[in-house]
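# Observations on chain architecture
Residue-level listing of the chains:
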There are 2 protein chains.
Amino acid sequence: MTSSPETSLIRIGIVGYGNLGRGVEAAVAHNPDMRVAGIFTRRDPAQLRPLGAGVPVYGMEQLPAQQGQLDVLILCGGSKEDLPQQSPQLAAQFCLVDSFDTHARIPAHFAAVDAAAQAGNTTALISAGWDPGMFSLNRLMGEALLPNGATYTFWGKGLSQGHSDAIRRVPGVAAGVQYTIPVDEAMQQVRAGGRPDLSTREKHRRECFVVLQPGADAEAVRRTIVGMPHYFDQYDTSVQFISAEELAREHSAMPHGGFVIRSGNTSEGAQQVIEYGLKLDSNPEFTASVLVAYARAVHRLQQLGQHGCKTVFDVPPGLLSPRSAAELRADLL
Amino acid sequence: MTSSPETSLIRIGIVGYGNLGRGVEAAVAHNPDMRVAGIFTRRDPAQLRPLGAGVPVYGMEQLPAQQGQLDVLILCGGSKEDLPQQSPQLAAQFCLVDSFDTHARIPAHFAAVDAAAQAGNTTALISAGWDPGMFSLNRLMGEALLPNGATYTFWGKGLSQGHSDAIRRVPGVAAGVQYTIPVDEAMQQVRAGGRPDLSTREKHRRECFVVLQPGADAEAVRRTIVGMPHYFDQYDTSVQFISAEELAREHSAMPHGGFVIRSGNTSEGAQQVIEYGLKLDSNPEFTASVLVAYARAVHRLQQLGQHGCKTVFDVPPGLLSPRSAAELRADLL
């Protein structure tokens, strides 16, 4: 890794500055071949406090004028409201990476971004992160290497943002978090090469820590949570009531992780098990790190003239590293 | 996965028919988009018994005449004698995949194969398998995603062919096998996110099962084995003497596997751990499965006009799967 002169660094634009945006800023600092050239926000730019001194902050409306000043945008908004609009719109003008994670809508999102990127001669990579992202890669490779087999994805132990939000909407709840936990027995079966048919309940359980509003009926809250359709009713769910202080002290981190396990046979007697696991202290910071590595790959694909929408399935792994192909072969192969 | 008419199947040539070659033949049978079009051997073709009825067996000297009849050769010879000769020679005429695994000689092997493949307009992928191969990919991705971190590779529990051969050359030894075993304590430290400096001895231990020749001095054999420079002297090595019957009964399989663990920090407080693990009942059959998936990718790269020598670092993962890019995005992303 030779240090690049400032002028040849990959210029990253961060679009949205919540947990993920801050994670991207931190991750770029670990990558000597890139720099944050601007942060773009819908809030008042004067109110934002970037981690790095001297990082310019702009209002979102100033983004179009920055064409030519930014090599890759990293979109740090949500999959529900932000990315379905932003990614196709910005791909017309910029190379970009997003972490769109609504699995069922990926084909539609891909089509919209691809049309914009093809028309604009840009390169846009969607759905980077760990799931979708690293877990997807491992599902694909597991299936390709062991066609006669079965794939299992387990999530957790980790804090689920969506389920925590659902808890907080329950009447009588002041605050709360939810952890998704893989069922140990199921994990052991799968790791041992068994290929069990597992129900939703048999794969994961859910643990909730809830702060009640003054005067709320704890048992009524508990019943509402565990019976919530889709979110909790198909799982074994435990609800623990704690104080606001304990919640702040013990449950403000955002750990997550999980496992993709492929188990298959290459012949009757030979069972083969591939396991990929993540143990993350900070879910947004790890997702951000993945986005940053794929931003490098997007920049290179653009330079190679490979335009249009891409996913992690389309990227030669070597493009993720700042090191040369010859160095990678000598040191890591 | 729609079934392809016989004529559009990828035609695989297997070069060398030992454990790995047989594994390739078995793996191709699990992949409906390819077929074994020929097995090539230095032995008498009439003496070979392929697993599949009707698979043609040829002498090695008949290979050049098969140009145009084979889409990809899978080279199943050894890294010491066979591949350094065969891969560059055959790459002049054929697309191919090999499992060249002498890490220190990969750059030279790459250069020789690349020159031949560039001149011949063929596509050749070297050093596929699990290490080099899947483990290399995970070393690369771990480093790219978590630049501020450390990577650890542990091998085993598994039978090491090279170390078993070394044991069998000791005077007084009739037969024997050696297992490489990761040291549990080191694994736990690394998994917990520690980044210990581990000596060779602290990472792996070695377990030998030896059948003595009649009249051999057990203690002398033990001392020769455990003191063998490079192979055993830097490890804690145990030697157990067993009967030829027990060796045949308990130690004729070829299990292997191991772990690549990357542990890194994305910020001061946030530790992230990525772990990739393999638990293989049959080392040669799994290696063969990797070679077969990469043979598919080589065939597609060739069709895309991407000639020259490649490694696993250069292959977009989607090319490993028989499924279309749209299907993969919808089902696995």
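Scroll up for the structure.
A brief look at the structure comes next. What you are looking at is a predicted structure, and each value in this text was computed from that prediction instead of being measured.

Rules behind the numbers
- Residues numbered from 1 in each chain as written.
- Chains lettered and ligands numbered in written order.
- Predicted model: local features only at pLDDT ≥ 70, side-chain atom pairs only at ≥ 80, totals over all residues.
- Heavy atoms only, no water.
- Helix = DSSP H or I, 4+ residues; strand = E, 2+ residues; numbered from the N terminus.
- Rg over C-alpha atoms; globule rule 2.2 N^0.38 Å.
- Buried < 20%, exposed > 50% of the residue type's maximum accessible area, 1.4 Å probe, protein only.
- Contact = heavy atoms within 4.5 Å.
- Areas by Shrake-Rupley, 256 points an atom, 1.4 Å probe, with all protein chains shown as cover.
- Lys, Arg positive; Asp, Glu negative; His and termini not counted.
- Charge placed at Lys NZ, Arg CZ, Asp CG, Glu CD.
- Least-squares fit on C-alpha atoms with pLDDT ≥ 70 in both.
- Salt bridge = Lys/Arg side-chain N within 4 Å of Asp/Glu carboxyl O.
- Axes fitted to C-alpha atoms, helices over the stretch in contact; angles between N-to-C directions.
- Parallel < 35°, antiparallel > 145°, perpendicular 65-115°, else oblique.
- Nonpolar A, V, L, I, M, F, W, Y, C, P; charged D, E, K, R; others polar.
- Buried area = accessible area lost by both parts, 1.4 Å probe.
- Polar contact = N/O pair within 3.5 Å; in protein donor to acceptor, adjacent residues only side chain to side chain.
- Pairing = 2+ DSSP bridges.

Looking only at helices and strands, chain A has 11 helices and 14 strands in total. Relative to the globule expectation of 20 Å for 333 residues, the C-alpha radius of gyration of chain A, 22 Å, shows essentially globular dimensions. Taken over the C-alpha atoms alone, chain A extends approximately 60 × 60 × 35 Å along its principal axes. Taking all 333 residues of chain A together, the buried fraction comes to 57%. Look at the contacts in chain A between residues 6 or more apart in sequence, and 69% of them connect residues 24 or more apart. Working note: accessible area of chain A is about 13700 Å², and carbon and sulfur atoms make up 49% of it. Of note, chain A has its 28 positive side-chain charges centred 1 Å away from the centre of its 33 negative side-chain charges.

Before going further, it helps to examine the relation of the copies chain A and chain B. Superposing chain A onto chain B takes a rotation of 180° plus a shift of 0.0 Å along the axis, which leaves an RMSD of 0.0 Å. Here the symmetry operator amounts to a two-fold rotation axis. An overlap of 100% is found between the interface residues of chain A and their copies at the interface of chain B, pointing to a shared contact surface.

Moving on: the pattern of salt bridges. In the structure shown here, the tally under the stated rule is 29 salt bridges over all chains. Of the charged contacts in the structure, one is a salt bridge between Arg205 of chain A and Glu207 of chain A, with a shortest N-O distance of 3.5 Å. Using a relative accessible area of 16% as the deciding quantity, one classes Glu207 of chain A as buried. Through salt bridges with shared partners, a single network forms among Glu143 of chain A together with Arg323, Glu327 and Asp331 of chain B.

With that out of the way, let us pick up the packing of helix 4 (residues 134-145) of chain A against helix 4 (residues 134-145) of chain B. Orientation of helix 4 of chain A relative to helix 4 of chain B, taken along the N-to-C sense of each, is 175°, at an axis distance of 14 Å. The pairing of helix 4 of chain A with helix 4 of chain B is recorded here as roughly antiparallel in orientation. Residue-level contacts link Met134, Leu137, Met141 and Leu145 of chain A of helix 4 of chain A to Met134, Leu137, Met141 and Leu145 of chain B of helix 4 of chain B. For the contact of helix 4 of chain A with helix 4 of chain B, the class distribution of residues is 8 nonpolar, no polar and no charged.

Moving on, we get to the interface of chain A and chain B. Listed by partner, the interface residues are 64 residues for chain A and 64 residues for chain B. Looking at the side of chain A facing chain B, the largest losses of area belong to Leu145, Arg329 and Leu333 of chain A, adding up to 14% of the total buried there. For the interface between chain A and chain B, the tally reads 2 salt bridges. Here chain A and chain B share 30 residue pairs in polar contact (both at pLDDT 80 or more) between them. Sorting elements by how many residues they give to the side of chain A that touches chain B places strand 13 (residues 270-280) of chain A first, with 11 residues. When the residues that make up the side of chain A that touches chain B are grouped by side-chain class, the tally is 34 nonpolar, 19 polar and 11 charged. Across 9 bridges, strand 13 of chain A lies against strand 13 (residues 270-280) of chain B in antiparallel orientation. Bridge pairing in strand 13 of chain B places Gly277 of chain A opposite Glu275 of chain B.

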